[in-house]
Amino acid sequence: IYAMHVVGRHAADAIAAAAKAEASKILLDVGGATGTYAEAFLRRYPEMRATVFDRGPVIEMAKERLADSDVRDRIAFASGDFYVGPLPGGHDLVLLSAIIHQNSPEQNIALYKKCFDALVSGGRILIRDHVMNPDRIRPVGGAIFAVNMLAATEGGNCYTFAEIRTALHLVGFERVALVQDGERMDGMVEAFKP
């Protein structure tokens, strides 16, 4: 968990900037670990509040790491397991950061539905991950990471934009767009709840 923070802290501000989330007021960081990305979003968008959602022991780590953060007063925490229960509702932005590669297509569809339900009408989901080109060999880091997922998970993979878009449409999202290509797990896809 802390290793993800060490890696993520160097990329989080750029992701927050690329998100162009000035209009968003309350972020749900799903599987948010120690809150690295939530913290970056709150620093960039001073009117925003955030909920970091992760398993109980991880939330305790997040509380400890963020105790002295300059944005701590705008962060709430929620414990749970997105594989078995719902996500907290009432958010206008949901962030899935480096999550979908560990899941099978069916698991991602189920997770996208939970994200859809957690959003208010007009809310947006933002997915940060390797987003593969149709040839599935670029970005190269994503192709290599897909092999890692094949070996290390039951059904994980790195997905193309078309695959992500199709799954998002299945649960009701609209206006699906590739916000950013990326070589280092910094591809981003957005979609909106009607």
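Just above, that's the structure.
**With respect to the overall build of the chain**
Scanning the chain for helices and strands turns up seven helices and nine strands. Computed over the C-alpha atoms, the radius of gyration of the chain is 15 Å, within 12% of the 16 Å expected from 2.2 N^0.38 for a compact globule of 194 residues. Counting only C-alpha atoms, the chain reaches 45 × 35 × 30 Å along its principal axes. Counting all 194 residues of the chain, 51% fall into the buried class. A fraction of 70% describes how many contacts in the chain between residues 6 or more apart in sequence connect residues 24 or more apart.

**Quick word on the pattern of salt bridges**
In the structure shown here, the tally under the stated rule is ten salt bridges. D13 is the salt-bridge partner of R44, the closest N and O atoms lying 3.0 Å from each other. One end of the pair, R44, is in helix α3 (residues 36–44); the other, D13, is in helix α2 (residues 12–19), with 31 residues separating them in the sequence. Salt bridges sharing common partners tie together E39, R43, R65 and D70.

**Here's the deal with the pairing of strand β2 (residues 49–54)**
For β2, the tally of buried residues reaches five of six residues, placing the bulk of the element in the interior. Bridge analysis of strand β1 (residues 26–30) against β2 gives five bridges, and the strand direction is parallel. Its bridge partner being in β2, I26 is matched across the sheet by R49. A crossover connection joins β1 to the parallel β2 through α3; in handedness this β-α-β unit is right-handed. Where β2 meets strand β3 (residues 75–79), five bridges bridge the pair, whose relative direction is parallel. Opposite T51, over in β3, you have A76 as the bridge partner. Traced from β2 through helix α4 (residues 56–66) to β3, the parallel crossover comes out right-handed.

What counts as what
Residues numbered from 1 in each chain as written. Predicted model: local features only at pLDDT ≥ 70, side-chain atom pairs only at ≥ 80, totals over all residues. Heavy atoms only, no water. Helix = DSSP H or I, 4+ residues; strand = E, 2+ residues; numbered from the N terminus. Rg over C-alpha atoms; globule rule 2.2 N^0.38 Å. Buried < 20%, exposed > 50% of the residue type's maximum accessible area, 1.4 Å probe, protein only. Contact = heavy atoms within 4.5 Å. Salt bridge = Lys/Arg side-chain N within 4 Å of Asp/Glu carboxyl O. Pairing = 2+ DSSP bridges. Right-handed = clockwise from strand over helix to strand, strands pointing away.

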